[in-house]
Amino acid sequence: MVKTKFWEDAARYGAYLGLADAAFQLLNTWKPSGLLSLVHIVVIVTLLVMFTKRRVALYGAEGYSYGQCWKYIFFVSVFAGILLGAYSVVASNFLFPEKYRELVSRSLSVVAQTGIYSDDMLRGLSGMYEKLFFSPLWVVLTNVLGAALRGAFYGLFIAAFTKREAPVFPDNNDNN
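Just so it is clear, the model here is predicted, and its values are computed rather than measured.

**Thoughts on helix H1 (residues 6-30)**
Here is step 1 of the chain: Taking 1.5 Å per residue, 25 residues should reach 36 Å; H1 reaches 36 Å between its end C-alpha atoms and fits that length.
Here is step 2 of the chain: All of the buried residues in H1 are Phe-6, Asp-9, Ala-10, Tyr-13, Gly-14, Leu-17, Gly-18, Ala-20, Asp-21, Ala-22, Phe-24 and Thr-29.
Here is step 3 of the chain: On its buried face, H1 sits against helix H2 (34-57), helix H3 (66-95), helix H4 (97-113) and helix H6 (136-162).

This is the structure in structure tokens:
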């Protein structure tokens, strides 16, 4: 039974997960595909399962409960969100600003087609969209929040399959 530091492991494997997320986001920006999105989900879930099983194995007979597994998955996802947010800032402001501006204009045109908003409201909404899509602080915060919610949701299921309960009657080798 070899234990490691929780935060060190969560940060390390969160970085791996964040790199995978960023790679899929880059591929999806370059060539959008529904199949690619499905593969992205499968890869993320598989990585979370692998990372959590590795952590559980370190605790051996001591066990690693459902709550501990969920907490680990959640914080791995938070760290992944930080890295994904950093990539998103670079992508939206430097690598693909035209694609992100096109996304903003498409979103605004859908909102305008509803007929609910006046022109003044749409101009205000346009400024808000600009801040949300291109401001580094908002981009990182929304990516961290999104990754945390994803980790919390996936963790509900993954933790159920990866946990290892401590034995109720431990095997004592002391036969006095």
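**Let's talk about the packing of aromatic side chains**
Here is step 1 of the chain: In this structure the tally under the stated criterion is 14 aromatic pairs.
Here is step 2 of the chain: On the numbers, 6.2 Å between centres and 85 degrees between planes, the contact of Phe-6 with Phe-75 is edge-to-face. With Phe-6 in helix H1 and Phe-75 in helix H3, this residue pair connects regions lying 69 residues apart in the sequence.
Here is step 3 of the chain: Residue Phe-6 is classed as buried on the basis of its relative accessible area, which comes to 14%.
Here is step 4 of the chain: Judged by its relative accessible area of 23%, Phe-75 falls in the partly exposed class.

**Observations regarding a nonpolar patch on the surface**
Here is step 1 of the chain: There is a patch of nonpolar side chains on the surface, built from Tyr-66, Phe-153, Leu-156, Phe-157 and Phe-161 and spanning about 560 Å² of accessible area.
Here is step 2 of the chain: With 4 residues, H6 is the largest single contributor of residues to the nonpolar patch.
Here is step 3 of the chain: In this fold, Tyr-66 is placed in helix H3.
Here is step 4 of the chain: On the basis of relative accessible area, Tyr-66 is assigned to the partly exposed category, the value being 30%.

**Observations concerning the environment of Val-39**
Here is step 1 of the chain: Examined against the element boundaries, Val-39 turns out to sit in helix H2.
Here is step 2 of the chain: C-alpha separation for the pair Val-39 and Phe-24, spaced 15 residues apart in sequence, amounts to 9.0 Å.

**Quick look at H4**
Here is step 1 of the chain: Compared with the 24 Å implied by 1.5 Å per residue over 17 residues, the 24 Å span of H4 between its first and last C-alpha is a close match.
Here is step 2 of the chain: Within the span of H4, buried status applies to Tyr-100, Val-104, Leu-108 and Val-111. One side of H4 holds all its buried residues, which, seen down the axis, span an arc of 75 degrees. Opposite the packed face of H4, turned more than 90 degrees from it, sit the exposed residues Glu-98, Val-110 and Gln-113.
Here is step 3 of the chain: Its buried side turned inward, H4 meets H1, H3 and helix H5 (119-134).

**A few points about the environment of Arg-55**
Here is step 1 of the chain: With respect to the helices and strands, Arg-55 occurs in helix H2.
Here is step 2 of the chain: Residue classification places Arg-55 among the buried positions, given a relative accessible area of 2%.
Here is step 3 of the chain: Counting along the chain gives 51 residues from Arg-55 to Thr-4, while the straight-line C-alpha distance between them is 8.4 Å.
Here is step 4 of the chain: Those residues in contact with Arg-55 that sit more than four places away from it in its chain are Thr-4, Lys-5, Phe-6, Asp-9, Tyr-64 and Tyr-72.
Here is step 5 of the chain: At 3.1 Å, the side chain of Arg-55 and the side chain of Tyr-64 are in polar contact.

**A look at the nonpolar core**
Here is step 1 of the chain: In terms of nonpolar packing, the biggest core is built from 21 residues, with Leu-17, Ile-44, Leu-48, Phe-51, Tyr-64, Tyr-72 and Val-76 touching the most fellow members.
Here is step 2 of the chain: For this core, the secondary structure elements donating two or more residues are H1, H2, H3 and H6.
Here is step 3 of the chain: If you look at the next biggest cluster of nonpolar residues, it comprises 13 residues, including Phe-96, Tyr-100, Val-111 and Leu-125.

Conventions and cut-offs
Residues numbered from 1 in each chain as written. Predicted model: local features only at pLDDT ≥ 70, side-chain atom pairs only at ≥ 80, totals over all residues. Heavy atoms only, no water. Helix = DSSP H or I, 4+ residues; strand = E, 2+ residues; numbered from the N terminus. Expected span 1.5 Å × (residues − 1). Buried < 20%, exposed > 50% of the residue type's maximum accessible area, 1.4 Å probe, protein only. Contact = heavy atoms within 4.5 Å. Phe/Tyr/Trp six-rings, centres within 6.5 Å; stacked < 30°, edge-to-face > 60°. Patch = residues over 30% accessible without salt bridge, like charges linked within 9 Å, V, L, I, M, F, W, Y side chains within 5 Å. Areas by Shrake-Rupley, 256 points an atom, 1.4 Å probe, with all protein chains shown as cover. Salt bridge = Lys/Arg side-chain N within 4 Å of Asp/Glu carboxyl O. Arc of directions from axis to C-beta. Polar contact = N/O pair within 3.5 Å; in protein donor to acceptor, adjacent residues only side chain to side chain. Core = buried A, V, L, I, M, F, W, Y, C linked by side-chain atoms within 4.5 Å.

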